[in-house]
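# Tertiary structure, described
What follows is the residue order along each chain.
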Amino acid sequence: MLIVDDSILKAYDKCPMNGYWLHERGIAHSAEAIALTFGGGIHVGVGTLYKTKDVSQACDAFKLAYSTNDPKGVRTVTKGLEIIEAWDCQLMGVPKECLGGEIMVKYPLTSGIMYVGNIDQLIEMDDEIMVEEWKTSEYPSMFISKPNQQITGYAFLASLHFNTRVDSVLITIAGLWKTSRGGWRTLKNGNTQSIFRQDPPIKIEDWEFETWQKDVRNKCMTIEAMRDGGYHTQKTEACSNFGGCQFIPLCSAGPKYREMIIESSYVPYHWNPEEKGGR
């Protein structure tokens, strides 16, 4: 049984060798592991905020989930607490009813492929039921709402789980600007803007649900074929994207040197779609 989620598919989409190192060899550069752990901590904190309506409890939950010292000074505990507190001040006052959160849904694409999605929150707002997804990013302005594999998939899974049509997704992205204070960023002209990007709810059409199922099924079959064949292609045009792939030192080294590089520069990495937060 091949079990996948959006994170696994994205890793192989970026480059099959990237997916291999992460999800078959189980290794990652420490900086990459920090980014994923930080995002998971924010999900824990915001989820607690939705459940308890208590920002102190939400901050405590975040600190339990994330206590790493980021060498880059970007994903710090202080930054995480700033996001949680700003979330409470700027976003919790919006009229909406929370119908359920941290919902894991499994969908068998074929007899041997299972897709798993962890839905952050299902809400009712403006008389419409929709999925709410939470994200953190250093570059929130670059996020593409449509087409988006995860957004379409989670609306599809929510429809199955709640046995009702869910075709809207509300995305909230917290920016990781170092200079922000209290959830606001001061621009060069002296004006301020929220660290949050929240676009109008995204609508998903029937044909997008159909396309999503076909795309994910075909991607999974390709992953299975590469695993069975013991060979993963390199998508070298992706090596330099977003500052460079974390596995360039491995892919550019001869096979006999790779284990030495792994031992000196990488850490064990475990991602399980069937665990909350993947880890």
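One can find the structure itself at the top, above this paragraph.
Description of the structure in this document.

Reading guide: rules and limits
Residues numbered from 1 in each chain as written. Predicted model: local features only at pLDDT ≥ 70, side-chain atom pairs only at ≥ 80, totals over all residues. Heavy atoms only, no water. Helix = DSSP H or I, 4+ residues; strand = E, 2+ residues; numbered from the N terminus. Buried < 20%, exposed > 50% of the residue type's maximum accessible area, 1.4 Å probe, protein only. Areas by Shrake-Rupley, 256 points an atom, 1.4 Å probe, with all protein chains shown as cover. Lys, Arg positive; Asp, Glu negative; His and termini not counted. Charge placed at Lys NZ, Arg CZ, Asp CG, Glu CD. Salt bridge = Lys/Arg side-chain N within 4 Å of Asp/Glu carboxyl O. Polar contact = N/O pair within 3.5 Å; in protein donor to acceptor, adjacent residues only side chain to side chain. Contact = heavy atoms within 4.5 Å. Axes fitted to C-alpha atoms, helices over the stretch in contact; angles between N-to-C directions. Parallel < 35°, antiparallel > 145°, perpendicular 65-115°, else oblique. Left-handed = near helix turned anticlockwise from the far one by under 90°. Nonpolar A, V, L, I, M, F, W, Y, C, P; charged D, E, K, R; others polar. Disulfide = S-S within 2.5 Å. Core = buried A, V, L, I, M, F, W, Y, C linked by side-chain atoms within 4.5 Å. Phe/Tyr/Trp six-rings, centres within 6.5 Å; stacked < 30°, edge-to-face > 60°. Pairing = 2+ DSSP bridges.

## As for the overall build of the protein
On a plain count of helices and strands, the protein comes out with 9 helices and 11 strands. Among the 279 residues that make up the protein, the fraction classed as buried is 47%. Total accessible area computed for the protein in this model is approximately 14200 Å², and 53% of it derives from carbon and sulfur atoms. Positive and negative charge centroids in the protein, built from 29 and 35 side chains respectively, lie 6 Å apart.

## Details of the side chain of Asp5
Within the secondary structure, Asp5 sits in the loop between strand E1 (2-4) and helix H1 (6-14). The side chain of Asp5 is buried and forms no salt bridge, while Lys10, the nearest opposite charge, is found at 9.5 Å. Separated by 3.2 Å, the side chain of Asp5 and the backbone nitrogen of Ser7 make a polar contact. Engagement of the side chain of Asp5 in a polar contact is seen with the side chain of Trp271, the distance being 2.8 Å. Setting aside anything within four residues of it in sequence, one finds Asp5 in contact with Tyr115, Val116, Trp271 and Pro273.

## Description of the packing of helix H4 (residues 55-65) against helix H5 (residues 77-90)
For the pair H4 and H5, interaxial distance at closest approach is 10 Å and the crossing angle is 150°. Judged by the inter-axis angle, H4 sits roughly antiparallel to H5. As H4 packs across H5, the resulting crossing turns out to be right-handed. Note on element contacts: H5 touches H4 through Val77, Gly80, Leu81, Ile84, Glu85 and Asp88, opposite Val55, Ala58, Cys59, Phe62 and Lys63. Class assignment of the residues belonging to the contact of H4 with H5 gives a composition of 7 nonpolar, 1 polar and 3 charged.

## Observations regarding the state of the cysteines
Taken as a whole and assessed by the stated rule, the structure comprises 0 disulfides. With no disulfide of its own, Cys98 lies closest to Cys89 among cysteine sulfurs, the gap being 17 Å. For Cys98, a relative accessible area of 31% translates into the label partly exposed.

## What about the nonpolar core?
In a soluble, globular protein the nonpolar side chains are often hidden away together inside. Residues Tyr115, Ile119, Val131, Leu157, Cys220, Phe247 and Leu250 are the most contacted members of the largest nonpolar core, which totals 49 residues. Excluding anything up to four places from it in sequence, Phe247 contacts Asn18, Trp21, Leu22, Ile27, Ala28 and Tyr266. The next biggest cluster of nonpolar side chains, apart from the first, holds 24 residues, and it includes Ile34, Ala174, Leu176 and Ile195.

## A short note on the environment of Asn241
By the secondary structure assignment, Asn241 is in the loop between helix H7 (206-229) and helix H8 (248-251). Along the chain, Asn241 and Lys14 lie 227 residues apart, while their C-alpha atoms are 9.3 Å from each other.

## Some remarks on the pattern of salt bridges
Inspection of the entire model under this criterion finds 16 salt bridges. A salt bridge links Lys106 to Glu274; the shortest N-O distance between them is 2.7 Å. Of this pair, Lys106 sits in strand E3 (residues 97-110) while Glu274 sits in the segment after strand E11 (267-268), placing them 168 residues apart in sequence.

## With respect to the packing of aromatic side chains
Tallying each qualifying case throughout the model produces 14 aromatic pairs. Aromatic pair Phe38 and Phe62: ring centres 5.9 Å apart, planes at 85°, arrangement edge-to-face. Of this pair, Phe38 sits in helix H3 (residues 30-52) while Phe62 sits in helix H4, and the two are 24 residues apart along the sequence. With respect to burial, Phe38 and Phe62 carry one shared label: buried. Judged by centre distance (5.1 Å) and plane angle (40°), the rings of Tyr50 and Trp134 are tilted.

## Digging into unusual backbone geometry
Residue Pro147 is reached from Lys146 by a cis peptide bond, and omega for that bond is -5°. On the secondary structure map, Pro147 appears in the loop between strand E5 (128-137) and helix H6 (149-162). Not every positive phi belongs to a glycine, and Glu102 is a case in point at roughly 55°. Examined against the element boundaries, Glu102 turns out to sit in strand E3. What makes Glu102 partly exposed here is its relative accessible area of 34%. At Asp126, a position not held by glycine, the phi torsion is positive, near 55°. Along the chain, Asp126 turns up in the loop between strand E4 (113-125) and E5. With relative accessibility at 69%, the residue Asp126 sits in the exposed group.

## Section: the pairing of E4
Taken across its 13 residues, E4 has 12 buried, putting it largely inside the fold. Pairing between E1 and E4: 3 bridges, direction parallel. Within E4, the position partnered with Ile3 by the bridge is Met114. Hairpin connection of E3 to E4: 2 residues between the antiparallel strands. The hairpin turn running from E4 into E5, its antiparallel successor, is 2 residues long, and Asp126 in that turn takes a positive phi close to 55°.

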